[in-house]
Amino acid sequence: MNVFHKRRQARTSGDTSPDAISLPGSVSPPDTGVDISSTDYARRRRELMKMMSDLKSMGAETLIDLPSVVVIGGQSAGKSSLVEAVSGINVPRDSGTCTRCPMECTMSSHATSWSCTITLRMGFDNNGRDLKNTVTVPFGRTITDRNKVEVWLRRAQSAILNPNVPSSSFHTKTIEELRSTRNTLKFSRNVVCVSIEDPDATDLSFYDLPDDMENQQSMTLARAADPDGKRTIGVLTKPDTLGVGAINQRRRWVEIIEGRSEDHKLRHGFYCVRLPDDAERAQHLSRAESQRRATEYFDTTSPWNDVTDRRRFGIPGFVSDVSRLLIQLIEEALPRLREDVDKLLAKCIKEFDVIPPPLVNDPQIEVLGRVSAFCDVFKSFVNGSHEDKRLAQRNRALYSIFKRDIRGTAPDFRPFEKPEEYIPLDDTQGNLTLIERDPGVKVMGIYDISKVIHEATAWELPNNVPYQAKANLIAQFTKLWVAPSERCLAGINDVLNQVIDTLISTHFGRFKVLEGYVGDLIRIQVGVCKAHAQEAVKSALALETTPHYTQNTHYLQTLREKWLAHYKTVRSRASRYKASQPPSYWRPATPSQVCSESGTPEAKALRALAEAGYANLGIPDLARLLPPDSFQEELVVMADVRAYYHVAYKRIIDHIPLTIEHALHYALAEQLSQSLLTSLLTDVASGPNFSERMNELVSEDPSVAQKRALLLSRKQRLSDIRRRLVTFGNS
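What counts and what doesn't
Residues numbered from 1 in each chain as written. Predicted model: local features only at pLDDT ≥ 70, side-chain atom pairs only at ≥ 80, totals over all residues. Heavy atoms only, no water. Axes fitted to C-alpha atoms, helices over the stretch in contact; angles between N-to-C directions. Helix = DSSP H or I, 4+ residues; strand = E, 2+ residues; numbered from the N terminus. Parallel < 35°, antiparallel > 145°, perpendicular 65-115°, else oblique. Left-handed = near helix turned anticlockwise from the far one by under 90°. Contact = heavy atoms within 4.5 Å. Nonpolar A, V, L, I, M, F, W, Y, C, P; charged D, E, K, R; others polar. Phe/Tyr/Trp six-rings, centres within 6.5 Å; stacked < 30°, edge-to-face > 60°. Buried < 20%, exposed > 50% of the residue type's maximum accessible area, 1.4 Å probe, protein only. Lys NZ or Arg CZ within 6 Å of the ring centre and 35° of its normal. Polar contact = N/O pair within 3.5 Å; in protein donor to acceptor, adjacent residues only side chain to side chain. Right-handed = clockwise from strand over helix to strand, strands pointing away. Core = buried A, V, L, I, M, F, W, Y, C linked by side-chain atoms within 4.5 Å. pLDDT = per-residue confidence, 0-100. Expected span 1.5 Å × (residues − 1). Salt bridge = Lys/Arg side-chain N within 4 Å of Asp/Glu carboxyl O.

K.L.:
Whenever I open this one, the packing of helix α11 (residues 363-383) against helix α23 (residues 690-697) confuses me. Can you help?
P.N.:
Two quantities define a packed helix pair, namely the angle between the helix axes and the distance between the axes. Here α11 crosses α23 at 55°, and the two axes come no closer than 8 Å. Classified by the angle between their axes, α11 and α23 sit oblique to one another. When the axes of α11 and α23 are compared, the crossing they make is left-handed. Facing P363, Q364 and V367 of α11, the residues of α23 in contact are F690, M694, N695 and L697. Its residues assigned to classes, the contact of α11 with α23 shows five nonpolar, two polar and no charged.

What follows is the structure, given as structure tokens:
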């Protein structure tokens with residue numbers, strides 16, 4: 001069994017039978033008996049076939065799906081004989097050269113005498129990849145003797161399978177020489193194109209596929225590509241090999257031909273052909289004689305002569321119907337082809353426009369211009385004037401994390417003998433509890449502070465707390481600021497690296513040599529500024545070690561009084577701050593709450609004091625009325641240290657970020673331009689040839705040039721294809 005399989009993706013509308021096809025908007029095929037070669041249909045058919053031939057020569061098949069007829073069949077199924085019967089030429093049959101590459105056969109009846117020309121359509125390299133341009137190579141002279149076609153086909157196939165050898169060297173090779181040739185390729189996707197001019201032929205174009213593609217079960221291959229059977233035509237070959245006794249097999253064939261077989265359902269049905277056997281091939285019978293014998297066989301042999309639809313028998317009806325179906329497919333596919341080409345062309349243009357054009361500037365101007373642009377853009381990143389705010393925004397986020405980490409180093413003073421049994425006191429209002437506390441912070445109670453005072457005492461008079469005791473407590477939290485500062489700087493450096501890498505790629509990525517060279521110079525300068533920033537951060541942290549100083553004395557004194565009052569109040573109400581109590585129980589009443597809750601003891605006390613002439617007092621002031629505490633010195637130390645922490649905290653959370661910004665980003669932005677130009681010109685000018693070095697720096701990446709050439713070629717090819725389709729549509 002052979003199968004003619006029509007390759008396409010367009011829809012097939014209706015249930016058109018192969019012997020009665022009429023296309024809306026197109027010229028219909030004439031009735032049987034009319035000279036088909038002189039009709040408008042024949043003219044339209046020739047024009048369509050010519051257009052398809054032009055599209056294929058442009059390489060359109062590698063870009064869009066062109067309607068085509070493909071011949072597939074199992075071994076010994078008579079495929080080669082069918083191709084010969086349809087085309088009227090002999091094809092190679094021995095296994096050494098038979099069908100190692102696709103053969104496209106195009107037949108035209110618009111001729112006064114028989115002739116054949118062979119060309120090679122080279123659209124793929126040795127590995128089967130698309131070439132930039134499809135090239136059609138003429139192969140030999142026009143053939144006017146049918147008997148010489150076979151050897152020329154062998155020569156053409158050998159030329160396809162040996163692409164590194166000039167094709168003209170195969171023109172004179174004999175069949176014996178061709179058989180002994182060791183081919184470079186086993187198979188090829190490049191096509192041997194056979195164009196036949198025959199006044200007795202039916203206009204048709206079809207492909208004969210390579211053996212490795214046909215050596216699958218033909219029906220399996222056809223069903224995989226056309227599961228609904230809408231684009232497949234079945235051909236039953238060698239009916240004369242069914243003996244008289246093969247009654248069941250003959251009956252099954254008749255059911256298939258008449259479309260009554262449930263196992264073999266195709267929209268366009270099956271045909272049955274009788275092909276010349278080896279003896280008849282040896283006689284070199286003419287096409288007319290072969291067809292006469294086949295017609296006589298089908299008309300006189302049962303059960304074939306009992307089938308009503310006589311067009312289902314023989315090559316002429318089969319070829320005529322296939323030709324009409326192909327024309328129908330082409331007519332139907334034309335709008336889709338134009339649409340597909342328009343989409344591909346638009347996509348190609350879009351991809352082409354993304355690729356930078358070839359360099360037109362002087363290399364030195366190009367290099368210096370890109371360096372200057374890089375420095376300007378980086379400076380705008382640093383000062384925040386660029387539309388891309390990533391550097392500033394990501395740094396601000398890191399500085400916020402730094403602020404949180406420094407806040408987590410606050411002293412954890414709890415003015416109790418057993419501090420671990422009480423809640424942390426993280427602000428004077430009792431509204432804040434730190435979620436993230438630095439692991440280096442120790443919980444310190446009254447006895448812990450007493451121990452610090454005792455260890456720092458030398459010859460001080462009574463009631464004089466050594467300053468060193470406070471200094472030691474201050475050092476406990478300031479030393480914890482080193483790690484957050486280093487983490488912050490490391491994060492800032494990472495962000496800077498990413499921004500620098502992105503800008504280098506953006507400004508120099510087109511030229512890989514320049515990108516590598518200038519990128520190294522930039523990163524050297526970045527490294528210098530990073531080192532300077534690291535030292536600057538260390539210096540800023542050192543300022544917090546000694547002396548412990550501030551001119552913000554009013555804020556310090558206010559905080560000291562608040563914390564001292566808070567610690568006294570907390571000690572007087574120790575039970576309220578037990579860790580076992582619910583959180584709402586811990587929080588003391590705020591001044592606003594006291595005012596709104598006039599019945600509280602605090603509110604009553606404040607009203608009484610106001611009546612006695614002590615106006616404008618608040619809840620913290622009530623702590624002064626508490627009796628003297630036996631640990632007054634310890635409470636004062638706690639209040640002093642905690643107050644100073646807040647002053648220093650507010651100072652350091654601004655000082656470190658500003659130090660980093662100025663020592664790293666602003667310094668780099670100011671120094672980069674001069675540093676780059678100096679290094680660049682000094683290095684390049686010191687070489688033997690300044691001009692050659694500049695040319696080398698802006699040498700284009702070969703892959704970019706290759707892609708530009710490929711897209712330009714595809715754009716030109718698609719434009720040509722579109723022009724041909726539009727021209728045909730307007731004709």
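K.L.:
How do you make sense of the packing of aromatic side chains when you look at a structure like this?
P.N.:
For any pair of aromatic rings, geometry is given as the distance between the ring centres together with the angle between the planes. One pass over the structure, following the stated rule, counts 13 aromatic pairs. Taken together, a centroid distance of 5.8 Å and an interplanar angle of 85° make the contact between F139 and W152 edge-to-face. Placement of F139 in strand β5 (residues 130-143) and of W152 in helix α3 (residues 149-161) is noted, with a sequence separation of 13 residues between them. Each member of the pair, F139 together with W152, is buried. Ring geometry for Y447 against F631: centres 5.9 Å apart, planes inclined by 70°, an arrangement best described as edge-to-face. One end of the pair, Y447, is in helix α13 (residues 446-456); the other, F631, is in the loop between α21 (619-622) and α22 (632-685), with 184 residues separating them in the sequence. Taking relative accessible area as the criterion, F631 reaches 17% and is therefore assigned buried. Every member of this aromatic cluster is reached through a ring pair, and the members are W253, Y297, F298, W304 and F313. When the ring centre of Y271 is taken as origin, the NZ or CZ atom of R312, which lies over that ring, is 4.6 Å away.

K.L.:
Mind showing me how you'd approach the environment of L178 here?
P.N.:
Along the chain, L178 turns up in helix α4 (residues 175-180). Of the residues examined, L178 reaches a relative accessible area of 3% and is grouped as buried. Ignoring any residue separated from it by four or fewer positions in sequence, one finds L178 in contact with V151, R154, R155, S158, F170 and K173.

K.L.:
Got a minute to help me understand the side chain of D405 in this structure?
P.N.:
By the element assignment, D405 lies in helix α12 (residues 390-407). We classify D405 as buried; its relative accessible area is 15%. One polar contact links D405 to R404, side chain to side chain, over a distance of 3.1 Å. Leaving out residues up to four positions away in the same chain, D405 has contacts with P484 and R487.

K.L.:
Looking at this structure, I do not really get the environment of L55. What am I missing?
P.N.:
For L55, the position within the fold is in helix α1 (residues 40-57). For the pair L55 and I721, spaced 666 residues apart in the sequence, the C-alpha separation amounts to 6.3 Å. For L55, the residues in contact, after removing those within four places along its chain, are A60, L66, I721, R724 and L725.

K.L.:
What am I meant to see in the pairing of strand β8 (residues 232-237) here?
P.N.:
Remark: a regular strand shows side chains that alternate across the two faces of the sheet. Along β8, six of the six residues are buried, which leaves the element largely enclosed by surrounding structure. In β8, alternate side chains face the same way, and those of T232, G234 and L236 on one face and I233, V235 and T237 on the other are all buried. Handedness of the crossover joining β8 and strand β9 (residues 270-273) through helix α7 (residues 247-257): right-handed.

K.L.:
Honestly, the nonpolar core in this entry has me stumped. Any pointers?
P.N.:
Generally speaking, a soluble globular protein has its nonpolar side chains buried in company with each other. If you look at the biggest cluster of nonpolar residues, it comprises 87 residues, and the most contacted ones within it are F374, F378, I500, I522, I660 and L676. With 24 residues, α22 is the largest single contributor of residues to this core. Not counting residues up to four positions away in its chain, the partners in contact with F374 are I500, L503, I504, H507, F508, I522, L672 and L676. If you look at the next biggest cluster of nonpolar residues, it comprises 68 residues, including V91, W152, A159 and V273.

K.L.:
Got a minute to help me understand the confidence of the model for the chain in this structure?
P.N.:
When pLDDT drops low, the exact placement of atoms in the prediction is not to be read closely. Per-residue confidence for the chain averages 83 on the pLDDT scale, and 85% of its residues sit at or above 70. Low pLDDT, under 50, characterises residues 5-38; the predicted model gives this stretch 85 contacts beyond four residues in sequence or across chains. Residue range residues 591-597 is modelled with pLDDT below 50. Its contacts to residues more than four positions away, or to other chains, number ten contacts.

K.L.:
What's the story with α11 in this structure? I'm lost.
P.N.:
Given 3.6 residues to a turn, an α-helix orients residues that are three or four positions apart in the same direction. Across its 21 residues, α11 extends 31 Å between first and last C-alpha, which sits within 8% of the 30 Å expected from 1.5 Å per residue. Taken together, the buried positions of α11 are P363, E366, V367, R370, V371, F374, C375, V377, F378, S380, F381 and V382. Measuring from the side-chain oxygen of the N-cap residue of α11 to the backbone nitrogen of Q364 gives 2.9 Å; that N-cap residue is D362. Just downstream of α11, G384 is the residue with a positive phi angle, here 85°.

K.L.:
Would you take a moment to explain the pattern of salt bridges for this structure?
P.N.:
Side-chain pairing between opposite charges can occur once the charged atoms of the two side chains come close. Under the defined criterion, the tally for this structure stands at 40 salt bridges. Of the charged contacts, one joins R311 and D321 as a salt bridge, the two residues approaching to 2.7 Å between their closest N and O atoms. Here R311 is found in the loop between α9 (287-300) and α10 (315-354), whereas its partner D321 is found in helix α10, with ten residues between them in sequence. A relative accessible area of 24% places R311 in the partly exposed class. Linking K470 and D640 is a salt bridge whose minimum nitrogen-to-oxygen distance equals 2.5 Å. Taken together, the residues span a long stretch of sequence, with K470 in helix α14 (residues 467-478) and D640 in helix α22 at a distance of 170 residues. Judged by its relative accessible area of 15%, D640 is buried. Within the structure, one salt-bridge network assembled from shared partners comprises D240, R274, E280, E289, R292, R293 and E296.

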